[in-house]
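Chain and residue survey
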Amino acid sequence: MAASSKSTVVLKAVKQVVVQLCPFESNVRSTREFLFMVGSEKARTTNMNCEVTTVVKHDKSEPVVDITFTDGERLVMKGAKLTGQEMFQAFQSRCIAKDPQAKAQK
């Protein structure tokens, strides 16, 4: 995924990220890629108060990423229908809208 290697994930405007997935399903790749980006040590240092939680299920449920921003707004992405890059772009655009300084770091 080219976007993740060139862009920095900034969690400054994020309060919580909850990733729910069933690891045995074939449609979880994009959700795992997104989790890898927001769960990386580099990303986590941009907001030490941001809680990144993974909920592993074994019920064939659809992978879901639920993001809560510091202003209370939520972004829910269903990973089965999106690529990792689409998820990352949606997340970044929302973060940049909430924190103009994030644009300078991109």
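Residues numbered from 1 in each chain as written. Predicted model: local features only at pLDDT ≥ 70, side-chain atom pairs only at ≥ 80, totals over all residues. Heavy atoms only, no water.

To continue, consider the packing of aromatic side chains. Summed over the entire model, instances satisfying the criterion amount to 1 aromatic pair. Ring centres of F34 and F91 lie 5.5 Å apart, and the angle between their planes is 85 degrees; this geometry places the pair in the edge-to-face category. With F34 in helix 2 (residues 29–38) and F91 in helix 4 (residues 84–98), the pair connects residues that are 57 residues apart, well separated along the chain. Residue classification places F34 among the buried residues on the basis of a relative accessible area of 0%. (Phe/Tyr/Trp six-rings, centres within 6.5 Å; stacked < 30°, edge-to-face > 60°. Helix = DSSP H or I, 4+ residues; strand = E, 2+ residues; numbered from the N terminus. Buried < 20%, exposed > 50% of the residue type's maximum accessible area, 1.4 Å probe, protein only.)

What follows deals with the pattern of salt bridges. Tallied over the entire structure, the rule returns 5 salt bridges. A salt bridge links E33 to R29, with the nearest nitrogen and oxygen atoms 3.0 Å apart. Of this pair, E33 and R29 are both found in helix 2, 4 residues apart, which corresponds to roughly one turn of the helix. With a shortest N-O distance of 2.5 Å, E73 and K98 are connected by a salt bridge. One end of the pair, E73, is in the loop between strand 3 (64–69) and strand 4 (74–78); the other, K98, is in helix 4, and 25 residues separate them in sequence. Salt bridges linked by common partners bring D71, E73, R94 and K98 together as one network. (Salt bridge = Lys/Arg side-chain N within 4 Å of Asp/Glu carboxyl O.)

Judged by nonpolar contacts, the single largest core of 24 residues is most densely connected at V14, V17, F34, I67 and F91. Only strand 1 (14–21), helix 2, strand 3, strand 4 and helix 4 provide two or more residues apiece to this core. With near-sequence residues (within four places) excluded, V14 lies in contact with N47, C50, I67, T68, F69, T70, F91 and C95. (Core = buried A, V, L, I, M, F, W, Y, C linked by side-chain atoms within 4.5 Å. Contact = heavy atoms within 4.5 Å.)

Another point: the sheet that holds strand 2 (residues 51–56). Each strand in a sheet pairs with another by means of backbone hydrogen bonds, the pair being arranged parallel or else antiparallel. Taken together, 4 strands build an open sheet; the order of strands is 2-1-3-4 and the sheet is mixed. Only two strands of the sheet have a single neighbouring strand rather than two, namely strand 2 and strand 4. Neighbour to neighbour, the strand axes of the sheet diverge by 10 degrees on average, direction disregarded. Judged from the 5 bridges that link them, strand 3 and strand 4 form a sheet pairing that is antiparallel. Residue pairing in the sheet places V65 in a bridge with M77 of strand 4. In the packing of helix 2 onto the sheet, the strands contacted are strand 1, strand 2, strand 3 and strand 4, and the crossing angle to strand 1 comes to about 150 degrees. Helix 4 rests against strand 1, strand 3 and strand 4 of the sheet, and its axis sits at about 170 degrees to strand 4. (Pairing = 2+ DSSP bridges. Axes fitted to C-alpha atoms, helices over the stretch in contact; angles between N-to-C directions.)

Summing up the model confidence of the protein, the mean pLDDT is 88 and the portion of residues at 70 or higher is 87%. Mean pLDDT across the elements of the protein bottoms out in helix 1 (residues 2–6) (45) and peaks in strand 3 (97). pLDDT under 50 marks residues 1–5. Its contacts with residues more than four places away, or in other chains, come to 7 contacts. (pLDDT = per-residue confidence, 0-100.)

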